[in-house]
Amino acid sequence: MKKIALSGFSLLLILFFVSCGSKPAPAPAPAPEPPKIEEPPAPPAPEKIVEEIKKADNTLALKGIDDARKKALENEADEYAPDELAAIDALYEKIKAKSDDGEDVSAESLDLANRYAALSAYIDALKAKEIIDDTEMFSLAQSVYDEGEKALEEYEALVEDPNSTGKAQLDKATKASASYNSVLIVIYKKIAKDERTDAFVAKKNADSVKAAVAQKAKYDEGVEYFKKGDSLYSMQSFEKAYESYESSKDIFNELYNDIADKRAAVLKAIEEAKRKVEETADFAEQADREVPLREKIDGIEDEDTVLLEEDDYDDPEDAEVDLPEDIEDPTKKLLKSITGDAK
């Protein structure tokens, strides 16, 4: 009996294992795909980086040349020094060709910019010298004028020297310009003061014909120009001061001449009228002798009769504007403010 039960248990156990082995094993999960990593673009070659840096530097350098050249043209370099300008322009074309080839031209660009700046200063010197020579007043600052002459000659010699530098040319041209313009200041100071004296005399003449009353608006304009001249003179703007004094003088002279001519015409008319009155008086006297007037005319022969109303015009001198005859030297005025010297 036990054998039968054992055999049945064994059979059940075998069937269990057989049923378990018939099921397929589960498939393994698929492995996740790795994320895609995009490779960065390859860096530019070292040669390319160097080339780009050079072009950026040249851009700034060439701009410096262009700015200097523009100023020279604004100062009329093409009219005053066309040959010198053409020579510098030829050098500029060579530098631009080197820059296009990728070469570093910063040092050459600075030298060329100095040459254009020197040319502009040279033209400043020529213009100042032209004005000075026209006035023939360079003896007012002869030594400074001579320094300008020397610097001008040295600059012109450097331009002809193929080994000269832009810096050397700029130094000489700047020296010439500064010297001549210093002489100009002295000259304009002198002629401004002389013109002020002439304007003051012209105002006195205008006052003598009562211009402040006859043509007040024009008179006041002349006064304002005179005052403006004094203001500019005190600021050492002598050229502009001269121009204002000149305008003032012209206005006062015009007033004087215009009013004087009219006054002369009026005086002539008055003299003519007086002559006629005298002739009429003589005729009346003669007529009165021959045919005397016997009857009284009402009003005319009364003791308190007023034939003409009293003159109530303002005094013309009250309309005149007082201006100082002398003006203080602005240089001395500046020294007084610094030193406190009241003398």
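Residue numbers run consecutively from 1 along every chain, following the written order of its sequence. In keeping with the predicted nature of the model, local features appear solely for residues at pLDDT of at least 70, side-chain atom pairs appear and are counted solely at 80 or more, and the whole-chain, interface and lining totals rest on all residues. Hydrogens and water are ignored here; the side-chain numbers use all heavy atoms of the structure.

## Some remarks on the environment of Glu160
By definition, any uninterrupted DSSP run of H or I lasting at least four residues is a helix, any uninterrupted run of E lasting at least two residues is a strand, and each is numbered from the N terminus. Mapping Glu160 onto the fold places it in helix 6 (residues 142-160). Glu160 sits 76 residues away from Glu84 along the chain, and the two C-alpha atoms are 9.5 Å apart.

## Comments concerning the pattern of salt bridges
By definition here, a salt bridge exists when the distance from a side-chain nitrogen of Lys or Arg to a carboxyl oxygen of Asp or Glu is within 4 Å. Per the counting criterion, the structure on display carries 20 salt bridges. Between Arg69 and Asp89 there is a salt bridge whose closest N-O contact spans 2.8 Å. Note that Arg69 is positioned in helix 2 (residues 46-74) and Asp89 in helix 4 (residues 82-100), a separation of 20 residues in sequence. Note on Arg69: relative accessible area 24%, which makes it partly exposed. Remark: exposure states derive from per-residue accessible area (1.4 Å probe, protein chains only) relative to the maximum for the residue type, with buried under 20%, exposed over 50%, and partly exposed in between. The exposure class of Asp89 is buried, given its relative accessible area of 18%.

## Considerations on the packing of aromatic side chains
A pair of Phe, Tyr and Trp rings is counted when the ring centres sit within 6.5 Å of each other, with Trp represented by its six-membered ring. The angle between the planes then sorts it: under 30 degrees is stacked, over 60 is edge-to-face, the rest tilted. Tallied over the entire structure, the rule returns eight aromatic pairs. Taken together, a centroid distance of 5.7 Å and an interplanar angle of 70° make the contact between Tyr145 and Tyr180 edge-to-face. Here Tyr180 lies in helix 7 (residues 166-208) and Tyr145 lies in helix 6, a separation of 35 residues in the sequence. The buried category is assigned to Tyr145, whose relative accessible area is 7%. For Tyr180, a relative accessible area of 0% translates into the label buried. The rings of Phe138, Tyr145 and Tyr180 are connected pair by pair, giving a single aromatic cluster. A cation over a ring is seen here: Lys96 above Tyr92, with NZ or CZ 4.6 Å from the ring centre. Working rule: Lys NZ or Arg CZ, within 6 Å of ring centre, within 35 degrees of ring normal, means a charge sits over the ring.

## Things to note about helix 7
Between the first and last residue of a helix there are one fewer steps than residues, each counted as 1.5 Å, and that sum is the expected span. Here helix 7 contains 43 residues, and its C-alpha end-to-end distance of 62 Å stays within 8% of the 63 Å for a straight helix at 1.5 Å per residue. Just beyond helix 7, the residue with positive phi is Lys210, at close to 60°.

## Some remarks on the nonpolar core
The biggest cluster of nonpolar side chains holds 60 residues, and the ones touching the most others in it are Tyr116, Leu119 and Tyr122. Elements with a minimum of two residues in this core: helix 2, helix 4, helix 5 (106-135), helix 6, helix 7, helix 8 (211-214), helix 9 (216-234) and helix 10 (238-290). Per-element tally for this core: the top contributor is helix 7, with 14 residues. Only heavy atoms matter for contacts: two residues are in contact if any of them lie within 4.5 Å across the pair. The residues touching Tyr116, leaving out its near neighbours within four places in the chain, are Ile65, Ala68, Arg69, Ala72, Leu85, Ile88, Asp89 and Tyr92. In this description, a nonpolar core means a group of buried Ala, Val, Leu, Ile, Met, Phe, Trp, Tyr and Cys residues linked to one another through side-chain atoms lying within 4.5 Å.

## Quick notes on the side chain of Asp230
Positionally, Asp230 belongs in helix 9. Overall, Asp230 belongs to the buried group, its relative accessible area being 15%. Here a polar contact is taken to be a pair of N or O atoms separated by no more than 3.5 Å, where protein atoms must pair a possible hydrogen donor with a possible acceptor and residues adjacent in sequence count only if both atoms sit in side chains. A distance of 2.7 Å separates the side chain of Asp230 from the side chain of Arg196, its partner in a polar contact. In this structure the side chain of Asp230 is engaged in a polar contact, spanning 2.4 Å, whose partner is the side chain of Tyr245. Apart from residues lying up to four places away in sequence, Asp230 is in contact with Arg196, Tyr245, Pro324 and Ile327.

## Topic: the packing of helix 5 against helix 6
Contact pair helix 5 / helix 6: the axes reach a minimum separation of 11 Å and the direction vectors enclose 140°. Considering their axes alone, helix 5 and helix 6 lie oblique with respect to each other. For the pair helix 5 and helix 6, the crossing hand works out as left-handed. Between helix 5 and helix 6, the residues in contact are Ala118, Leu119, Tyr122, Ala125, Leu126, Lys129, Ile132 and Asp133 and Tyr145, Glu149, Leu152, Tyr155 and Glu156, respectively. Considered class by class, the residues forming the contact of helix 5 with helix 6 number nine nonpolar, no polar and four charged. A fitted line through C-alpha atoms serves as each axis, taken over the contacting stretch for helices, and the angle formed by two N-to-C directions is quoted from 0 to 180°. For classification, angles of less than 35 degrees are called roughly parallel, those exceeding 145 degrees roughly antiparallel, those between 65 and 115 degrees roughly perpendicular, and all remaining angles oblique. Each helix crossing is assigned a hand: it is left-handed if the near helix lies turned anticlockwise from the far helix by less than a right angle, otherwise right-handed if that turn is clockwise. Residues are grouped as follows: nonpolar covers Ala, Val, Leu, Ile, Met, Phe, Trp, Tyr, Cys and Pro; charged covers Asp, Glu, Lys and Arg; every other residue, Gly included, is treated as polar.

## Notes on the packing of helix 5 against helix 7
One way to put it is that helix 5 packs onto helix 7 with a least axis distance of 7 Å and a crossing angle of 25°. Between helix 5 and helix 7, the interaxial angle falls into the category roughly parallel. For the crossing formed where helix 5 meets helix 7, the hand is left-handed. For the contact of helix 5 with helix 7, the residue count by class is 16 nonpolar, seven polar and five charged.

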